[in-house]
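The residues making up each chain are set out below.
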Amino acid sequence: MTDFPLPPNATIGIVGGGQLGRMSAMAAARLGYRCHIYTPEPDAPASQVAFRTTLADYDDTAALARFADSVDVITFEFENVSFEGLSLLAEHRPVLPGPEILRISQDRVAEKRFLNSACIRTTPWAQVETLADLRSAMSHLGLPAVLKTTRLGYDGKGQALIRAPSEAELAYSLLHPKPLILEAFVDFSAECSTIVARGKDGRAVAFDTVENRHRNHILDLTLAPAPFAAEIRAEAQSMALRIAEHIDLVGLLAVEFFVDANGAVLANEIAPRPHNSGHWTIDACPVSQFEMQIRAVAGLFLPPAIRHSDAVMKNLVGPDEIVLWPQIVATPGLIPHHYGKIHARPGRKLGHVNVLFPYGSLPGQFGIAAALGVLAPSTI
Ligand code: AMP
């Protein structure tokens, strides 16, 4: 039996050993909690800062059971852990957010169905099992459209843009036999996201909506707050809060949105864990997304998700950016975060930098470039 709120020195189990788990473990330590990481990866970023690690595969049922029995509550930082694995853990200890939320977020069809059932607007979509389904979906949704695998896609992987009917067969052959979904292409003016936390008592808080800019399909910059109309930011926040309530969230959840050319906000994806687009909260908010997650799963009070500064977060991706680390740590105003990864492969997220601006004074493109200094050339 786990009693909430967890007292100091209780142990929080985190499934996944990446940078998200690392930053959650650091936030947990500040609240007096110990973290036990479950990961198949030796020397994982989270293990380097945690109390204990279980090194085992995600489908090792005996190791999962032992891990669960050694902790007070379990959360996760890695979405591709199996629903069955989390369900097994949930037989031993509370898993927060619940495995059912993970199941929905892991499958784009279940996710879109859930969102639409909660009256959350998405781009029109259709499930695709055969080439005939694809042709019929194209005639309903129109072109261009994006064909995606329903599971295990990230950073633009497992997707193909179809611009003309003649491209359908090639796109299908690239992604088939995985289950697929076709989405109407959104001619978006911006991509944004909102992170919400919700406690056992139903109290929910939402961080400010931020704008996300990608490079090579990987998040490059987050601007907090998103530099567009306050009504659009508020609409995304209220949608994220509605999703959290509808899904009965206990924990943290990120919602990614498109803002279309008319300013309409469409939900794209949900992720029931800390999110790369929330890393700015570590330095610009009294309570970061990681502390909110830990507070929510530990049953602590959730303070308001307020921001004392405007901020820009720049990811450090691959060897070309991490090579700048000596200059980054020598530049006043760049707040560095290194993930402790030894191998700097191209496309790998190795750290990030936050830059703060006084509340209400997020500059435009040139001001951001000036503030990023040595990191600006890749951005502008
Ligand atoms: P996702 O894996 O769904 O987050 O998609 C990765 C990226 O592909 C998004 O950040 C968008 O830039 C782009 N994308 C995905 N779906 C669509 C869509 N329906 N219309 C336009 N662009 C999309």
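*Asks:* Is there a simple way to think about the packing of aromatic side chains in this case?
*Replies:* Each aromatic ring pair is summarised here by two numbers: the centre-to-centre distance and the angle between the ring planes. As enumerated under the stated definition, the model contains five aromatic pairs in all. For the ring pair Tyr38 and Phe67, a centre distance of 5.1 Å and an interplane angle of 65° mean the geometry is edge-to-face. Here Tyr38, found in strand 2 (residues 34-39), pairs with Phe67, found in helix 2 (residues 61-69); they are 29 residues apart in sequence, far enough to count as distant. You'll find Tyr38 and Phe67 in the same group, each marked buried.

*Asks:* Is there a simple way to explain the domain arrangement of the protein in this structure?
*Replies:* Where interface size is given, it is often the accessible area lost as the parts come together that is meant. Per the domain assignment, the segments making up the protein are domain 1 (11-95), domain 2 (124-184) and domain 3 (188-378). For domain 1 versus domain 3, the distance between C-alpha centres works out to 23 Å. Facing the 20 residues of domain 1 at the interface are 24 residues of domain 3. Summing both sides of the interface, domain 1 and domain 3 together bury roughly 1900 Å²; the carbon and sulfur share of this comes to 62%. Summed over the shared surface of domain 1 and domain 3, the result is three salt bridges. A salt bridge links Arg273 to Glu79; its shortest N-O distance comes to 2.6 Å.

*Asks:* Quick question: what am I supposed to make of unusual backbone geometry here?
*Replies:* Note: most residues except glycine have negative phi, and most peptide bonds are trans. Cis rather than trans, the peptide bond between His176 and Pro177 has omega equal to 10°. Mapped onto the elements, Pro177 comes out in the loop between helix 7 (168-175) and strand 8 (180-184). The omega torsion of the bond from Ala224 to Pro225 falls at 0°, within 30 degrees of zero and hence cis. Secondary-structure assignment places Pro225 in the loop between strand 12 (218-224) and helix 8 (230-246). Non-glycine residue Asn216 carries a positive phi angle of around 50°. Along the chain, Asn216 falls in the loop between strand 11 (210-215) and strand 12. Look at Asn216 and you get exposed, because its relative accessible area is 65%.

*Asks:* What should I look at first to understand the environment of Gly16 in this one?
*Replies:* Among the structural elements, Gly16 can be located in the loop between strand 1 (11-15) and helix 1 (19-30). Other than its neighbours up to four places away in sequence, Gly16 contacts Ile37, Tyr38, Thr39, Ala46, Tyr58, Glu77 and Phe78.

*Asks:* I tried to follow helix 6 (residues 131-141) on my own but got confused; where do I start?
*Replies:* Residues of helix 6 that are buried: Leu134, Ala137 and Met138. Viewed along the axis of helix 6, the buried residues span an arc of 105°, placing them on a single side of the element. Residues Ala132, Ser139 and His140 are exposed on helix 6 and point more than 90 degrees away from its buried face. Structurally, helix 6 contributes buried residues whose contacts are with strand 5 (125-128), strand 6 (145-149), strand 7 (159-162), helix 7 and strand 8. One or two steps after helix 6, the chain reaches Gly142, where phi turns positive at roughly 80°.

What counts as what
- Residues numbered from 1 in each chain as written.
- Predicted model: local features only at pLDDT ≥ 70, side-chain atom pairs only at ≥ 80, totals over all residues.
- Heavy atoms only, no water.
- Phe/Tyr/Trp six-rings, centres within 6.5 Å; stacked < 30°, edge-to-face > 60°.
- Helix = DSSP H or I, 4+ residues; strand = E, 2+ residues; numbered from the N terminus.
- Buried < 20%, exposed > 50% of the residue type's maximum accessible area, 1.4 Å probe, protein only.
- Domains from an automatic or database assignment.
- Contact = heavy atoms within 4.5 Å.
- Buried area = accessible area lost by both parts, 1.4 Å probe.
- Salt bridge = Lys/Arg side-chain N within 4 Å of Asp/Glu carboxyl O.
- Arc of directions from axis to C-beta.

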